[in-house]
Amino acid sequence: MELKKFRNRYDLELIPASHEGIILGTLVWDPIFGKPAFEHRGMPDHIYNAFLDAGIINTEEWQKALEAARNEELKDANLAIASVDINVDLVTSIDQPLIGELDSALKLKSLKKFSFGELKVRLMSPLLRVEIDNYLEKLKSGNWKYYDGKIRRVFMITELYYGSVKIVIDKNMASDFNLALKKTGMEISNELELGTAIEYSFKHKNVPFAMKLEMIKGFAS
């Protein structure tokens, strides 16, 4: 599935380069055209970094806020689908540690199917939304130049989705795959035989695969 098709089907953005450091409140550039970017020269990479840079909060408040964003409760995702299927041609373009390890054990383009299952989500809490909204109002009224020049047109992550990685391979490839997998040290969380195929599941290891974005300009609590 292409990024645009993924967006239209699930109303979410697939994270092309994912890692554990991506948390709620992380800022994202240009998600409408091509791949979302998590870095922009001279710009803050998190909404609370922007507040700190502008003098709206102090270092202690900044650290506390980042900790709260990082530790929002992980809940079952309230989606209409039980799993998110990814076109196997797109899999290797997703720069995620777990997928990279799997690709070293098995050329992922040879898969029959790839998906994320047992879906979980971290949602920005109402309390955190109110706090961010209040700080944005302070920033707009006290330092419009910084707000307009740095973050007004930027997107912010308000939901993060996680899922166990599920792959399906032909049963005749199982021996070679298991042998290669042992060399990586990865652990299979579940294994299910489906006729001539086998489905393997691997835990998400706290690395998100998709996100919900809101533009700073229209953000409200």
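Fair warning: this is a prediction, and the values are worked out from it, not measured in the lab. (Residues numbered from 1 in each chain as written. Predicted model: local features only at pLDDT ≥ 70, side-chain atom pairs only at ≥ 80, totals over all residues. Heavy atoms only, no water.)

Focus on the overall build of the protein chain
Argument step 1. The secondary structure content of the protein chain amounts to eight helices and nine strands.
Argument step 2. By the burial criterion, 47% of the 221 residues in the protein chain qualify as buried.
Argument step 3. Put simply, 76% of the contacts in the protein chain that link residues at least 6 apart link residues at least 24 apart. (Helix = DSSP H or I, 4+ residues; strand = E, 2+ residues; numbered from the N terminus. Buried < 20%, exposed > 50% of the residue type's maximum accessible area, 1.4 Å probe, protein only. Contact = heavy atoms within 4.5 Å.)

Brief notes about the pattern of salt bridges
Argument step 1. Going through the model one piece at a time under the given rule, you end up with 10 salt bridges.
Argument step 2. Asp 11 serves as the salt-bridge partner of Lys 212, at 2.5 Å between the closest nitrogen and oxygen. Separated by 201 residues along the polypeptide, Lys 212 in strand E9 (residues 210–215) and Asp 11 in the loop between helix H1 (3–10) and strand E1 (13–14) bring together distant segments of the chain.
Argument step 3. A salt bridge links Lys 140 to Glu 137, with the shortest nitrogen-to-oxygen separation between them at 2.9 Å. Taken together, the residues Lys 140 and Glu 137, both in helix H6 (residues 126–142) and three residues apart, mark about one turn of the helix. (Salt bridge = Lys/Arg side-chain N within 4 Å of Asp/Glu carboxyl O.)

Section: the pairing of E9
When a strand is regular, its side chains alternate between the sheet's two faces.
Argument step 1. Pairing of E1 with E9 involves two bridges; the strand directions are antiparallel. Paired with Glu 13 across the strands is Met 211, a residue of E9.
Argument step 2. Of the pairings in the sheet, the one linking strand E6 (residues 155–170) to E9 comprises six bridges and is antiparallel in character. Note that in E9 the partner of Phe 155 across the bridge is Met 215. (Pairing = 2+ DSSP bridges.)

Concerning the side chain of Glu 199
Argument step 1. As for its placement among the helices and strands, Glu 199 is situated in strand E8 (residues 197–202).
Argument step 2. In this structure, Glu 199 is buried with no salt-bridge partner, the nearest side chain bearing the opposite charge being Lys 166 at 4.2 Å.
Argument step 3. Non-local contacts of Glu 199, meaning those with residues more than four positions away in its chain, are made with Lys 166, Ile 167, Val 168, Asn 190, Glu 191, Leu 192 and Leu 194. (Lys, Arg positive; Asp, Glu negative; His and termini not counted.)

Focus on the packing of H6 against helix H7 (residues 144–151)
Argument step 1. Interhelical geometry of H6 versus H7 gives an angle of 115 degrees and a closest axis separation of 5 Å. Residue-level inspection shows Leu 136, Leu 139, Lys 140 and Gly 142 of H6 in contact with H7, the latter providing Trp 144, Tyr 146, Tyr 147 and Ile 151.
Argument step 2. Looking at the contact of H6 with H7 residue by residue, the classes come out as six nonpolar, one polar and one charged. (Axes fitted to C-alpha atoms, helices over the stretch in contact; angles between N-to-C directions. Nonpolar A, V, L, I, M, F, W, Y, C, P; charged D, E, K, R; others polar.)

Topic: H6
Argument step 1. Compared with an ideal rise of 1.5 Å per residue, which puts 17 residues at 24 Å, H6 spans 24 Å between its outermost C-alpha atoms and is within 8% of the ideal.
Argument step 2. Summarising the contacts, the buried residues of H6 are in contact with helix H2 (47–53), helix H3 (59–70), H7, E6 and E9. (Expected span 1.5 Å × (residues − 1).)

Considering the confidence of the model for the protein chain
Argument step 1. Taken residue by residue, the protein chain gives an average pLDDT of 84. The fraction at 70 or more is 89%.
Argument step 2. Within the protein chain, the lowest mean pLDDT, 71, falls on H1, and the highest, 96, falls on H2. (pLDDT = per-residue confidence, 0-100.)

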